[in-house]
Each structure stands twice: as C-alpha cells, then as structure tokens.
Amino acid sequence: MAGCGKKDEPAPAPTPATSATAPAPTAAAPAPAPAGAEVVRIGHVAPMSGPQAHYGKDNENGVRMAIEELNTQNISIGGKPVRFEIQAEDDAADPKQGTAAAQKLCDAKVAGVVGHLNSGTTIPAAKVYNDCGIPHITGAATNPELTKPGYKTTYRLIANDNALGAALALHAADQLKLKKVAVIDDRTAYGQGVADIFSKTAEGKGVQVVDRQFTNDKATDFMAILTAIKAKKPDAIFYGGMDAQGGPMLRQLEQLGLTDVKFFGGDGICTAEIAKLAAGAKTLNNVVCAEGGASIAKMPGGAAWKQRYDQKFPGQFQIYSPYTYDATFVLVDAMKRANSTDPKAYLPKLAETDYQGVTARIQFEPGGELKNAATTLYTYKDGKKQAIE
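Residues numbered from 1 in each chain as written. Predicted model: local features only at pLDDT ≥ 70, side-chain atom pairs only at ≥ 80, totals over all residues. Heavy atoms only, no water.

**Quick look at the overall build of the chain**
Formally: Each helix is a run of DSSP H or I of at least 4 residues and each strand a run of E of at least 2, with the numbering of both proceeding from the N terminus. C-alpha atoms define the radius of gyration, and 2.2 Å times the number of residues to the power 0.38 defines the globule rule. Surface exposure here means Shrake-Rupley accessible area, sampled with a 1.4 Å probe, where a residue is shielded only by the protein chains that are shown. Charge counting treats Lys and Arg as positive and Asp and Glu as negative, with His and both chain ends excluded. To locate a charge, take NZ of a lysine, CZ of an arginine, CG of an aspartate or CD of a glutamate.
Helix and strand content of the chain: 11 helices and 15 strands. For a compact globule of 389 residues, the expected C-alpha radius of gyration is about 21 Å, and the chain comes in at 21 Å, within 12% of that figure. Dimensions along the principal axes, computed over C-alpha positions, put the chain at roughly 70 × 40 × 35 Å. On the chain, roughly 15,300 Å² of surface is accessible, and the fraction owed to carbon and sulfur atoms is 52%. The chain carries 42 positive and 41 negative side-chain charges, and their two centres are separated by 2 Å.

**With respect to the side chain of Glu89**
This is how it is decided: Note on classification: 1.4 Å probe, protein chains only; a residue is buried when its accessible area is under 20% of the maximum for its type, exposed when over 50%, partly exposed between these limits. We define a polar contact as two N or O atoms separated by no more than 3.5 Å, with the added condition that, inside protein, one atom must be a possible hydrogen donor and the other a possible acceptor, whereas residues neighbouring each other in sequence contribute only through side-chain atom pairs. By the convention used here, residues are in contact when the closest approach between their heavy atoms is within 4.5 Å.
Following the sequence through the fold, Glu89 ends up in strand 3 (residues 80-90). Take Glu89: its relative accessible area is 13%, and that puts it in the buried class. A distance of 3.3 Å separates polar atoms of two side chains, one belonging to Glu89 and the other to Gln87. Contacts of Glu89, omitting those with residues within four sequence positions, involve His44, Val45, Ala46, Met48, Ala101, Lys104 and Leu105.

**Some thoughts on empty space enclosed by the protein**
For clarity, the cut-off: Points on a 1 Å grid over protein atoms alone make up a cavity when a 1.4 Å probe fits among them but cannot get out, and a pocket when they form an open set with protein on both sides within 12 Å along at least five of seven lines; lining residues each have an atom within 4 Å of a point. Grid points are joined across faces, edges and corners, and a volume is the space filled by probe spheres set on the points. All amino acids are sorted into three groups, where Ala, Val, Leu, Ile, Met, Phe, Trp, Tyr, Cys and Pro are nonpolar, Asp, Glu, Lys and Arg are charged, and the leftover types, Gly among them, are polar. Where each domain begins and ends is defined by an automated method or by a domain database.
Per the counting criterion, the structure on display carries 1 cavity of 30 Å³ or more. Put simply, the largest cavity is a space of about 80 Å³. Forming the walls of the largest cavity are Leu117, Asn118, Ser119, Ala140, Ala141, Thr142, Tyr190, Met242, Asp267, Gly268 and Tyr320. In terms of residue class, the lining of the largest cavity is built from 6 nonpolar, 4 polar and 1 charged. Two domains each donate at least three residues to the lining of the largest cavity, and these are domain 1 (38-159 + 298-374) and domain 2 (162-292).

**Side note on the domain arrangement of the chain**
Note the following rule: In short, buried area is how much 1.4 Å probe accessible area vanishes from two parts on joining, totalled over both.
Considered domain by domain, the chain is made up of domain 1 (38-159 + 298-374) and domain 2 (162-292). Placing the centre of domain 1 and that of domain 2 at their C-alpha centroids yields a distance of 29 Å. Counting residues at the interface gives 20 residues for domain 1, matched by 19 residues for domain 2. Buried area between domain 1 and domain 2, summed over both chains or domains, comes out near 1,500 Å², and the portion from carbon and sulfur atoms is 54%. One can count 6 residue pairs in polar contact (both at pLDDT 80 or more) joining domain 1 with domain 2. Tallying contributions element by element places helix 3 (residues 119-132) first for the side of domain 1 that touches domain 2, with 3 residues. For the side of domain 1 that touches domain 2, a count of residues per class yields 12 nonpolar, 8 polar and no charged.

**Observations regarding the UniProt feature "domain: Leucine-binding protein" (unreviewed entry) in the chain**
Selection criterion: UniProt positions are given in the numbering used here, feature names are shortened, and annotations may be inferred rather than shown by experiment.
The feature "domain: Leucine-binding protein" (unreviewed entry), as given by UniProt, occupies residues 40-381 in the numbering adopted here. What you have in residues 40-381 is 41% helix and 20% strand, and the ends, taken at the C-alpha atoms, are 44 Å apart.

**Re the packing of aromatic side chains**
Applied cut-off: Each Phe, Tyr or Trp ring, with Trp reduced to its six-membered ring, pairs with another whose centre is within 6.5 Å; inter-plane angles below 30 degrees give stacked pairs, above 60 give edge-to-face pairs, and intermediate values give tilted ones. Counting as a charge over the ring demands two things of the Lys NZ or Arg CZ atom: a distance within 6 Å of the ring centre and an angle within 35 degrees of the ring normal.
Using the criterion set out here, one finds 10 aromatic pairs in the structure. Aromatic side chains Tyr309 and Phe317 sit 5.7 Å apart centroid to centroid with 80° between the ring planes, which places their arrangement in the edge-to-face category. There is no split in this pair, since Tyr309 and Phe317 are both buried. Grouping aromatic residues by their ring pairs yields a cluster made of Trp305, Tyr309, Phe313, Phe317, Tyr325 and Phe329. Positioned above the aromatic ring of Phe214 is the side chain of Arg187, whose terminal nitrogen or guanidinium carbon lies 4.6 Å from the ring centre. Stacked on the ring of Tyr378, the Lys or Arg Lys385 has its end atom at 4.6 Å from the ring centre.

**Some thoughts on the sheet that holds strand 10 (residues 262-265)**
Let me state the cut-off plainly: One bridge is not enough; two strands pair if DSSP finds at least two bridges between them. Note on geometry: axes are C-alpha line fits, over the in-contact stretch for helices, and angles between N-to-C directions span 0 to 180 degrees.
Strand order in this open sheet of 7 strands is 8-7-9-10-11-14-15, and the pairing throughout is mixed. Pairing within the sheet leaves two strands with one partner each, and these edge strands are strand 8 (208-214) and strand 15 (384-387). Each adjacent strand pair in this sheet contributes to an overall mean axis angle of 25°, direction not counted. With 5 bridges joining them, strand 11 (residues 287-292) and strand 14 (residues 375-381) adopt antiparallel strand pairing. The residue of strand 14 that forms the bridge with Glu291 is Thr376.

**Points about unusual backbone geometry**
Of note, the bond from Gly115 into His116 is cis; its omega dihedral lies within 30 degrees of zero at 0°. Note that His116 resides in the loop between strand 4 (112-115) and helix 3. Positive phi, normally seen in glycine, also occurs at Asn74, with a value near 50°. Along the chain, the position of Asn74 falls in the loop between helix 1 (53-70) and strand 2 (76-77). For Asn339, which is not a glycine, the phi torsion comes out positive at approximately 55°.

**A few points about the sheet that holds strand 1 (residues 38-46)**
Spatial ordering of the open sheet is given by 2-3-1-4-5-6, a layout of 6 strands whose pairing is mixed. In this open sheet, the two strands that pair with only one neighbour each are strand 2 and strand 6 (154-156). Direction of pairing for strand 1 relative to strand 3: parallel, over a ladder of 9 bridges. Across the sheet, the residue bridging to Arg41 is Glu85, located in strand 3. Helix 2 (residues 95-107) contacts strand 1, strand 3 and strand 4 of the sheet and is inclined by roughly 155° relative to strand 3. Packing against the sheet, helix 3 makes contact with strand 1, strand 4, strand 5 (136-138) and strand 6, and its axis sits at approximately 165° to strand 5.

Put into structure tokens, the structure is as follows:
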C-alpha cells in the first residue's frame, strides 16, 4: 500500500466544523440541494438494534452531523455542486448481517463507507468493500487483524487493541503494582483480541494470570465464572467485551463480595451506559478502562464539537461519534483533493490524508492504521467517567 508520503497539497485549514473555536451552529432544517447538485451517498453500518444499539446510534449521529455540516459548505467536486446523503444500515453486531449490509452498500454504489462498529463485523465486511473497490473507514473497530490483509480500501481512525490492551496491562503492573489478574472475554474478535493482548503484556511484566474464562456477547449471568475466579483471589479482573455484559458483571461482583477487585476493560466498557447498567453497584468505582484517542477535553476540537453534538442529540453520546464524524470529513476531503467522488479516483488521495480533525491531526500509516494514535485511560467517580491524568 502507498505510504503517507509528501502531500501533493498543503493540509486543508480547519473548517468551522473542525475548529475548536467555531461558534456552535443553531439547529436548522437541512439546506435544500443546489440546482443540478449531484447526490453523493456515504454509507454507515453499525448495530442499530439489540443490546449494542446505543453505540450504533451514537456512531450514526456522528456521520449525520458531519453530513449536515458539509451540506452547508456549498461544496463543488468535479465542477458540479454536490449534496451528501447517508445510507444507514443495521448489522445488529452480527458478522453475517455485517457482510450483507456491506454488499448492499456495494450494490448501491455508495461513494464511501464509515463503519462498522464491531471488529467481528468490520473484518469480514472489509473484504467485501475491497472486492467492490469502495473505501471504508472505521472509527470504532480495534482488532489489529483488520488491517493485516493490506486492503487498500481499509482505514482505521482510532488506536487498535495492541495499544489499548497493552496500556491497561502496563497501568496494572507499573502504577497499581498488581500481582494477580483473572481474564474473561466474550469470544468475539474484539473481546478475545484485546484480552489476549492484555494477558500477554501483563505476563511480560511479571503479573500472574491466575484464571482465563469466557462468556458470550448475549450473556447476563456470570455468577458461575465469577465464583470460580473468586477462589483464585485475583487483584483485578480484565473483561474483553462490551458494556451490556460489563454492567451486570459489576453488579454480580458486588453480590459476591468482590468489592476490592479492580475491573479492567477496553473501549467496549468505557461508556456512560455502563454506569447505568451497573445500577448503583459500588464496583463501578473499581473500573479502569481504555479508549483510543484523547479525551474530549484534550481533542483539538473536542469541547466545541461536544457542545454541538449535545444540542443536536441530547443524552446520546457514548464514545465513537467524534471518530465517525471525522471519518466522514476525511472521505470528503480526499474527494475534494481528487476532484472526484469516484472511489477509484479518490482512493489514492485517502492514503495521503493530512487532515486536522476534531479528534486529532489525521494521517495514515501504510496499511491504513492511524499515525500517532493516542490512548487514554479512564475511571468512574460518582457515576461519571473521568480521565486518569
């Protein structure tokens, strides 16, 4: 794959959509399409049904917000005014539905895709997009296997599990001086992947993994595996999975009297929702979780962006919407530099991206990974997520 070498053009100046000092726009009806405008559809896929729908809605909101702002900019590409539209699909966090949704977007000839949420859906979907030549950017799927095939259509806008799992293990060993940990994963590509990295890094630092258990991403009763773990007397439990399981797990840890055991996890549990799902369990205060990227407060345009998001989508923010928002702008930035909305024409420009987004200055490594990807650790205090400085 072509590397991110010297750019043909200077980096675009931040638009009001990505400026940290831009005034928040007032809510307004979508602008009418300019006369003769070409409609350019951008696909989005995430779970919009099932226990992970809150993530999917947040991701979709990021894309919708970006498209609405792009349509206020009177953009012309290839000598024609363009109007962007979203084609949103639901994969229900299921790999088979994910590939079906990807094929549907290919058949619809969308110009690009933002998605998917889960590694288990994104990895098989990536082959579909590669085969039909449509660029796609995920702002959420973190399994390192995603970029291993070397598809020129695949990009990731967030740190991968190698960074997340390792950061948590290093914090456990170096900062918290923990000696014994137990590890649980949900057997998904994401959960098992991040748990494996945590385990390997922890053992490399001299931390003993005293038990390894697994569940699934539909389970709600963890008493048997937690009871087995309790007998091993770990200092911490790492859970590779999502908040729909993490929340009930925290409640059951409290019921078993494991109120002094730290609870580690990746970005899948690092949400506002887990505080609701924990339903007042004191064990929420033991959570240490990791996200790719900087905290909202430290993102280049995070604070102003979050204010606009909360005005438009009150109470819906989870984690990844700033990344899906940036991913949408990155696709359009490449189209503008190529002066074409044709994926074949603008795909080479995507590899050369140098874009100041809300989340970071966005450039890609050869292979599609984000350059200089940041990682932030969080904990919970009084039910609110806060960064560990």
